[in-house]
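A closer look at the structure
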Amino acid sequence: MKFTLLTIFGFYLLNSYTLASESIFITDDFIEELKNDKSLSWTPGRVFDEKQDFANYFGKSQCSEEDIESIPVLEDSREVEEDLKKLPKFFDARKKWKYCPSIRQIRDQANCKAYWAMSVASVLSDRYCIASKGKVKQELSAQNLLSCCEECGNCQKGGCICSSWRYAATHGLVTGGGYASHKGCYPYEFRPCGGPHQPSCSEDPTPSKCESHACKNPNYNVPFNKDLHKAELSYRLPNSTLAIKKELLRHGPITALFKIYKDFLTYKRGIYRRGACKKEVGETTVKILGWGTHKTVGEYWILAMIYLDGDTYNYY
């Protein structure tokens, strides 16, 4: 099938930095310090095990400037004040397209830095459902990207959403559920670990080799080539609030690159805004689902994280 528009958007695509070489732990003292900060608009607390080292936990974007420039920019949304006034103050894709379960789903990458593959497969699933008005509700495979697109990324360093969207447009993605789901052609291979109430991570994750014309699930009866779902095209959005909001209203969730600071690893609930903490621990890819307005904080985006905890959403 090939009929839907896909979008990529990056908050920090052109920023670069070196990942930490020293260990980064979330101590009780650090959490207590955040709890005592009355300026925070969100609630901090213990989320991860205190023994978890975040020094190289998330990785960083593997997109080069050439990768980024290869994706055209959609330039039809100027920041016009009158247009902004016409937009609703609150919007949530989960509520507008209630018939699309993939929009509400949070995938778990386990101990593989597969956020780039997870987000692209997730948004492609959302867009197919939305464009088909709920007739196509299949979960598309992040494992397909991990195993078959070498230029897109890997478990050790992370990946590039630009390359991933290009692959989705030229090759397409087959279906595939989460670990041990036995759903679709190419299910995810890595057991959830390292998160709250999950076993610790041990083995170094290595994706299986790609078999481009064979499904990994022996019980799935649709041939690989007939299971492919392609993006019609991919594009970037300009750095414009109006452009992002219009895209969400018209077509659904958007992928974005999100820089993670140490204090975020204690986020429990509320509207997250970085406080005094300036310690960068990596990057991940998120889905933009909507926006809102708070009487004291102001405007915020609703984002879905891709890395851990498969049944919760985080709000910003």
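Higher on the page you've got the structure.
Residues numbered from 1 in each chain as written. Predicted model: local features only at pLDDT ≥ 70, side-chain atom pairs only at ≥ 80, totals over all residues. Heavy atoms only, no water.

**Some words on the overall build of the protein chain**
Of the regular secondary structure elements, the protein chain holds nine helices and 11 strands. Considering the protein chain as a whole, with its 316 residues, one finds that 54% of them fall into the buried category. (Helix = DSSP H or I, 4+ residues; strand = E, 2+ residues; numbered from the N terminus. Buried < 20%, exposed > 50% of the residue type's maximum accessible area, 1.4 Å probe, protein only.)

**Quick notes on the nonpolar core**
The biggest cluster of nonpolar side chains holds 46 residues, and the ones touching the most others in it are F54, L248, L265 and I288. If you list the elements that add at least two residues to this core, you get α1 (28–35), α6 (115–131), α9 (241–251), β7 (254–261), β9 (280–294) and β10 (298–304). Setting aside residues up to four positions removed in sequence, L248 forms contacts with F91, W97, P253, I254, I288, L289, G290, W291 and W301. (Core = buried A, V, L, I, M, F, W, Y, C linked by side-chain atoms within 4.5 Å. Contact = heavy atoms within 4.5 Å.)

**Side note on the state of the cysteines**
Under the definition given, this model contains six disulfides. In this model C112 forms its disulfide with C155; the gap between the sulfur atoms is 2.0 Å. The chirality of the disulfide connecting C112 with C155 is left-handed, given an S-S dihedral of about -85 degrees. Here the residue C112 occupies a position in the loop between α5 (101–104) and α6, and C155 occupies one in the loop between β4 (153–154) and β5 (158–159), the gap between them amounting to 43 residues. Across the pair, exposure class does not vary: C112 and C155 are buried alike. A disulfide bridge connects C148 with C210, and the sulfur atoms are separated by 2.1 Å. In this structure, the disulfide formed by C148 and C210 twists by about 85 degrees around the S-S bond and is classed as right-handed. Of this pair, C148 sits in helix α7 (residues 142–148) while C210 sits in the loop between α8 (161–170) and β6 (230–233); the two residues are 62 residues apart in sequence, bridging distant segments of the chain. You can call C210 partly exposed: its relative accessible area is 30%. Left unpaired, C162 is separated from the closest cysteine sulfur, that of C63, by 3.8 Å. (Disulfide = S-S within 2.5 Å.)

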